[in-house]
Amino acid sequence: TGLDALIKSKGKKYVGFSADGSGQFNDATHANIFRTEAGCLTPENSMKWDAIEPNQGSFNWGTADTLVNFAQSNGKLVRGHTLLWHSQLPQWVKNINNKATLTTVIQNHAAAVAGRYKGKIYAWDVANEVVADGGGMRSSVFSQVFGDWTFLDVAFKAAKAADPNAKLCLNDYNINFTGAKLNTFIQVVKDLKSRGVPIDCVGTQTHTGVGDSSIANYKNTLTMLAGTGCEVQITELDIAFPSTSSSSALLNQQSNDYRTIVAACMGTSACTGITVWGVSDKNSWITGRHPLLWDENFQKKPAYTGFVNGINS
Ligand code: G3I
């Protein structure tokens, strides 16, 4: 029973959720949902650079270890998130202004973090959100110091060396609709491949809104991403209400939207798994806008049924 068992019965690899903190794993309600509904867990915050290496060479492993240990003892996959990101990046990294130093720092970070969890990570978001919202390269210490995309080469090669069997992904948001950002993203992936950089998967975060006009075209964006030759994963799915107010019409539309997105993955052979960004509306990063499958009281919403219908479509 549960979403993960159902999607596996249809040939996909997993349904996953973001999670974090001993509070969740010690909480019977959360832990039970993870055990029965999830095949994969993504640490929502604990593997980010500021959380895991706030000072150079000084690591906080505790929270991330808790998640990986829970996953190991319950037979769940883990998506590592994330080795290189412009946000949640400690100041000591932002202060680096020469390429040789930044190269070594990226290599050491990837070696330490991906190395610690070697063999226990299904897929790493090696780099997150490197494309600017209007297309082109996002401005960050990485883009500024390197001057081109080759900081990605450094990160992916270092991740490969640290955990050769993990699938290595490039992850981004706002690539769930067509436009300059999706076009740049696809080109970056193709260029990485043509340079021989080890990349296996692309992550489309898919933070979207109830009734968003892009949802009807979602399968098309998955097909475009699959055209890179990479495995495609939906990595951070949530579908928020426009405001805090709720209605049965919105709940039903949200259910339909989950069905459409999940069905698009089911109909795309390169799409291997779907991660929802949290379990209960109570704990979502989108405060008050009811984006998830369980409500504030951990009751299944119509969205849950929409997800099931999408798998069965
Ligand atoms: O842990 C500290 C706590 O000690 C402190 O008292 C408190 C005060 O602000 O902050 C806590 O940290 C917060 C952290 O979540 C853990 O709750 C940060 O402020 C807060 O910024 C952080 O937000 C996370 C956000 O990424 C930024 O890292 C969200 O939970 C998380 O859902 C969100 O996830 C991102 C993905 O990683 C990438 N894609 C977009 C997605 C949504 O923004």
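In every chain, residue numbers begin from 1 and rise along the written sequence. In view of the model being predicted, local features appear only for residues whose pLDDT reaches at least 70, and side-chain atom pairs are presented and counted only at 80 or more, with totals across whole chains, interfaces and linings using the full set of residues.

Novice: Before we go on, may I ask you to explain the overall build of the protein in this structure?
Specialist: Under the DSSP-based scheme used, a helix requires at least four consecutive residues in state H or I and a strand at least two consecutive residues in state E, with every element numbered from the N terminus. Per the secondary structure count, the protein includes 13 helices and nine strands. Structurally, the protein occupies a C-alpha span of about 55 × 40 × 35 Å along its principal axes. Partly exposed residues are those falling between the two cut-offs: more than 12 but fewer than 20 other C-beta atoms within 10 Å of their own, whereas 20 or more means buried and 12 or fewer means exposed, with C-beta atoms placed from the backbone. A buried classification covers 49% of the 313 residues belonging to the protein. Working definition of a contact: two residues with C-beta atoms, positioned from the backbone, lying within 7 Å. Taking the intrachain contacts of the protein between residues at least 6 apart in sequence as the baseline, contacts between residues at least 24 apart amount to 79%.

Novice: So what exactly am I meant to see when it comes to the packing of helix α7 (residues 99-116) against helix α9 (residues 150-162) here?
Specialist: If you want to describe how two helices pack, look at the angle between their axes and the distance between the axes. For helices, the axis comes from a line fit to the C-alpha atoms of the stretch in contact; other axes are also lines fit to C-alpha atoms, and the angle between any two N-to-C directions lies between 0 and 180 degrees. Running from amino to carboxyl end, α7 crosses α9 at an angle of 30°, the nearest separation of the two axes being 8 Å. As judged from the angle between their axes, α7 and α9 are roughly parallel. Between α7 and α9 the crossing geometry is right-handed. Here α7 contributes Thr103, Ile106, Gln107, Ala110, Ala111, Ala114 and Gly115 to the contact with α9, which in turn contributes Phe151, Val154, Ala155, Ala158, Ala159, Ala161 and Ala162. Residue polarity is assigned by list, with Asp, Glu, Lys and Arg as charged and Ala, Val, Leu, Ile, Met, Phe, Trp, Tyr, Cys and Pro as nonpolar; anything else, Gly included, falls into the polar class. Broken down by class, the residue content of the contact of α7 with α9 amounts to 11 nonpolar, three polar and no charged. Small angles under 35 degrees read as roughly parallel and large ones over 145 as roughly antiparallel, with 65 to 115 read as roughly perpendicular and the rest as oblique. We call a crossing left-handed when the near helix sits turned anticlockwise from the far one by less than a right angle, and right-handed when that turn is clockwise.

Novice: It is not clear to me how helix α13 (residues 302-312) should be interpreted in this structure. Could you clarify?
Specialist: Since one α-helical turn is 3.6 residues long, residues separated by three or four positions face the same way. What α13 keeps buried is the set Ala303, Gly306, Phe307, Val308, Gly310 and Ile311. Where α13 is buried, its residues meet α1 (3-9) and α12 (248-266).

Novice: Would you mind showing me how to read the pairing of strand β4 (residues 123-128) here?
Specialist: In regular strands, side chains alternate between the two faces of the sheet. Counting buried residues in β4 gives six out of six residues, a clear majority hidden from the surface. Two strands pair if DSSP finds at least two bridges between them. Across five bridges, the pairing between β4 and strand β5 (residues 167-172) is parallel. Paired with Ala123 across the strands is Lys167, a residue of β5.

Novice: Honestly, the site of the ligand in this entry has me stumped. Any pointers?
Specialist: Taken together, the residues surrounding the ligand are Glu44, Asn45, Lys48, Gln88, Asn128, Tyr173, Gln205, Glu236 and Trp285. Of the residues assigned to the shell around the ligand, the class counts are two nonpolar, four polar and three charged. The criterion for a residue being near a molecule or strand is a backbone-placed C-beta atom within 6 Å of that molecule or strand.

Novice: Can you walk me through the nonpolar core in this structure?
Specialist: A general tendency of soluble globular proteins is for nonpolar side chains to be buried together. By size, the foremost hydrophobic cluster in this structure holds 90 residues, and its most contacted members are Leu83, Trp124, Val126, Ala155 and Ala159. Sort the elements by how many residues they give to this core and α9 lands first, with eight residues. Beyond its immediate sequence surroundings of up to four residues, Leu83 is in contact with His109, Ala110, Val113, Ala114, Trp124, Val126, Ala127, Ala155 and Ala159. By definition, a nonpolar core groups buried Ala, Val, Leu, Ile, Met, Phe, Trp, Tyr and Cys residues that are joined through C-beta atoms within 7 Å.

Novice: When you look at the pairing of strand β2 (residues 40-43) in this model, what are you seeing that I'm missing?
Specialist: On β2, burial covers both faces: Cys40 and Thr42 on one face and Leu41 and Pro43 on the other are all buried. With four bridges connecting them, strand β1 (residues 14-19) and β2 associate as parallel partners. Counterpart to Phe17 in the pairing with β2 is Leu41. One ladder, built from two bridges, connects β2 with strand β3 (residues 77-85); its direction is parallel. Residue Cys40 lies in a different strand from β3, and its bridge partner there is Leu77.

Novice: Just checking my understanding: could you explain the environment of Leu192 for this structure?
Specialist: Structurally, Leu192 is set in helix α10 (residues 180-194). With 22 C-beta atoms packed within 10 Å, Leu192 lands in the buried category. Measuring from C-alpha to C-alpha, the distance between Leu192 and Arg79 comes to 21 Å, with 113 residues separating the pair along the chain. If we ignore the near neighbours within four places in the chain, the residues touching Leu192 are Leu152, Phe156, Val197 and Ile199.

Novice: Would you explain the environment of Gly227 in this entry?
Specialist: Note that Gly227 resides in the loop between α11 (218-226) and β8 (231-240). Along the primary structure Gly227 and Arg138 are separated by 89 residues, whereas in three dimensions their C-alpha atoms are 23 Å apart.

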